[in-house]
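# Per-entry structural report
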Amino acid sequence: MKLLPALLIMLLTSGAAVAQDSIVLHRRLSRRIKHELALTDQQSRQLQVIENSFYRQRKSIRRNTALSSAEKDAQLLHLQQTHANRVKALLSVTQYVQYRQWMAKRQEQWLHAQRLQDRQLPGKTTPGKT
């Protein structure tokens, strides 16, 4: 019986730790992109607002069960175009090129991590599967 409260406390604190890790990671990435793109403080803050808005809206569209797959695709495409235009308007031409390169690199790292994770799933390591 004493184990249940201890387990509950562990679960609650581990969730807070994960959220805290996410915040720390987000701040590190913000500082890193600010440094790599030589952003001003104002540009950095505005870029963070644009990115947060984009991710919230994307998540909302994906979770919207009232939309068909085609409607979701259309809304996501429009959202991506709007996001790109907002970022492009905020940054200089050089900064925007660097931003696109930085984002492409981050996406490739994410895809690589996904492929590694898939290999560890049962059935994914069967000879002949890619």
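Higher on the page you've got the structure.
Parameters at a glance
Residues numbered from 1 in each chain as written. Predicted model: local features only at pLDDT ≥ 70, side-chain atom pairs only at ≥ 80, totals over all residues. Heavy atoms only, no water. Helix = DSSP H or I, 4+ residues; strand = E, 2+ residues; numbered from the N terminus. Buried < 20%, exposed > 50% of the residue type's maximum accessible area, 1.4 Å probe, protein only. Contact = heavy atoms within 4.5 Å. Areas by Shrake-Rupley, 256 points an atom, 1.4 Å probe, with all protein chains shown as cover. Salt bridge = Lys/Arg side-chain N within 4 Å of Asp/Glu carboxyl O. Core = buried A, V, L, I, M, F, W, Y, C linked by side-chain atoms within 4.5 Å. Phe/Tyr/Trp six-rings, centres within 6.5 Å; stacked < 30°, edge-to-face > 60°.

### A word on the overall build of the chain
When helices and strands are counted, the chain shows four helices and zero strands. Relative to its full complement of 130 residues, the chain shows a buried share of 18%. In the chain, once contacts between residues fewer than 6 apart in sequence are set aside, the share between residues at least 24 apart is 54%. Of the accessible surface of the chain, which amounts to about 10,500 Å², a share of 58% is contributed by carbon and sulfur atoms.

### A few points about the pattern of salt bridges
Proximity of charged atoms lets side chains of opposite charge pair with each other. Within this structure, the stated rule accounts for three salt bridges. Here Arg 32 makes a salt bridge to Glu 36, at a shortest N to O gap of 3.1 Å. With Arg 32 and Glu 36 both in helix 1 (residues 3-37) and four residues apart, this pair spans about one turn of that helix. Residue classification places Glu 36 among the partly exposed residues on the basis of a relative accessible area of 35%. Residue Glu 108 is joined to Arg 115 by a salt bridge in which the shortest nitrogen-to-oxygen separation is 3.0 Å.

### Quick notes on the nonpolar core
As a rule of thumb, nonpolar side chains are buried together in soluble globular proteins. Counting eleven residues, the largest nonpolar core consists of Ile 33, Leu 37, Leu 39, Leu 47, Ile 50, Val 87, Leu 90, Leu 91, Tyr 96, Tyr 99 and Trp 102. Elements that contribute at least two residues to this core include exactly helix 1, helix 2 (41-63), helix 3 (69-90) and helix 4 (93-119). The biggest single contributor to this core is helix 4, with three residues. Grouped together as the second largest cluster of nonpolar side chains are five residues, Phe 54, Leu 67, Leu 76 and Leu 79 included.

### Regarding unusual backbone geometry
Phi is mostly negative for residues that are not glycine, and the peptide bonds are mostly trans. Phi at Ala 38 takes a positive value of approximately 55 degrees, unusual for a residue other than glycine. For Ala 38, the location among the structural elements is in the loop between helix 1 and helix 2.

### Overview of the packing of aromatic side chains
This model, assessed by the stated rule, comprises two aromatic pairs. Relative to Tyr 99, the ring of Tyr 96 lies with its centre 6.4 Å away and its plane at 25 degrees, an arrangement referred to as stacked. Of this pair, Tyr 96 and Tyr 99 both sit in helix 4, three residues apart, which is roughly one turn of that helix. Take Tyr 96 and Tyr 99: they sit in the same class, and that class is buried.

### Describing the side chain of His 83
Mapped onto the secondary structure, His 83 falls in helix 3. When its relative accessible area of 13% is taken as the criterion, His 83 is described as buried.

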